[in-house]
Amino acid sequence: TCVLPPGGGGGLSVAVRVAEALPVRESRGNTLFSYDAPEVASVAPDRARTSGGTRVTVAGRNFGPAGVPAEVAVNGRLCLEVEKRGDGELVCQVPASAEAGEATVTVALG
């Protein structure tokens, strides 16, 4: 049993070190680890101009620790100036869009 550090991503190799001994043993290719995927719970405000520039707060979970970069996309277009405020909150500037109406907001860790 071990305690994992905060993190993000998937398909990560697992390394085990016993009492700082060398060599470090890494998992075989079929023994990989993945953190839970990011989940978006809400976006506020829930409306933005199609010209872009509106700052929105994306709330959810599994956005990763401070050192793991996050990307926010609205209908596949990347938001600008993403600011991570914790594992469950991101703030970003919505990009311009030619489409009006409902939009899908996604978060990916990079």
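Values in this document were obtained by computation on a predicted structure and should not be read as measured data. (Residues numbered from 1 in each chain as written. Predicted model: local features only at pLDDT ≥ 70, side-chain atom pairs only at ≥ 80, totals over all residues. Heavy atoms only, no water.)

Asker: Would you take a moment to explain the layout of surface pockets for this structure?
Answerer: Each pocket or cavity is described by its volume, and for the largest pocket that value is around 500 Å³. Lining the largest pocket are 21 residues, with Asp46, Ala48, Val74, Gly101 and Ala103 sitting closest to its centre. Class assignment of the residues belonging to the lining of the largest pocket gives a composition of twelve nonpolar, four polar and five charged. (1 Å grid on protein atoms, 1.4 Å probe; cavity = no way out; pocket = protein on both sides within 12 Å on 5 of 7 lines; lining within 4 Å. Points joined across faces, edges and corners; volume = space filled by probe spheres on them. Nonpolar A, V, L, I, M, F, W, Y, C, P; charged D, E, K, R; others polar.)

Asker: Is there a simple way to explain the sheet that holds strand β8 (residues 77-78) in this structure?
Answerer: Strands pair in a sheet through their backbones, by hydrogen bonds, and they do so in one of two ways: parallel or antiparallel. The strand order β8-β7-β11 describes an open sheet built from three strands, whose pairing is antiparallel. For this open sheet the edge positions go to β8 and β11 (105-109), each flanked by a neighbour on one side alone. As judged from the five bridges shared by strand β7 (residues 70-74) and β11, these two strands associate in the antiparallel manner. Within β11, the residue paired with Val74 across the bridge is Val105. (Pairing = 2+ DSSP bridges. Helix = DSSP H or I, 4+ residues; strand = E, 2+ residues; numbered from the N terminus.)

Asker: Looking at this structure, how should I read the sheet that holds strand β5 (residues 39-44)?
Answerer: Across the sheet, four strands lie side by side as β5-β6-β10-β9; this open sheet has antiparallel pairing. Lying at the two open borders of the sheet, with one neighbouring strand each, are β5 and β9 (80-86). Across the sheet, the mean angle separating the axes of adjacent strands is 25° when strand polarity is ignored. Bridge analysis of β9 against strand β10 (residues 89-93) gives four bridges, and the strand direction is antiparallel. Looking at the pairing, Gly86 lines up with Glu89 of β10. (Axes fitted to C-alpha atoms, helices over the stretch in contact; angles between N-to-C directions.)

Asker: I'm lost on the pairing of β7 in this one. Help?
Answerer: Successive side chains on a regular strand alternate, one facing one side of the sheet and the next facing the other. The buried fraction of β7 is high, at four of five residues. In the sheet, β7 pairs with β8 via two bridges, with the strands oriented antiparallel. Residue pairing in the sheet places Ala73 in a bridge with Leu78 of β8. (Buried < 20%, exposed > 50% of the residue type's maximum accessible area, 1.4 Å probe, protein only.)

Asker: For this particular structure, what's the right way to read the environment of Thr54?
Answerer: Relative to the helices and strands, Thr54 is located in the loop between β5 and β6 (55-61). Given a relative accessible area of 13%, Thr54 falls into the buried group. Residues Thr54 and Gln93 lie 39 residues apart in sequence; the distance between their C-alpha atoms is 5.5 Å.

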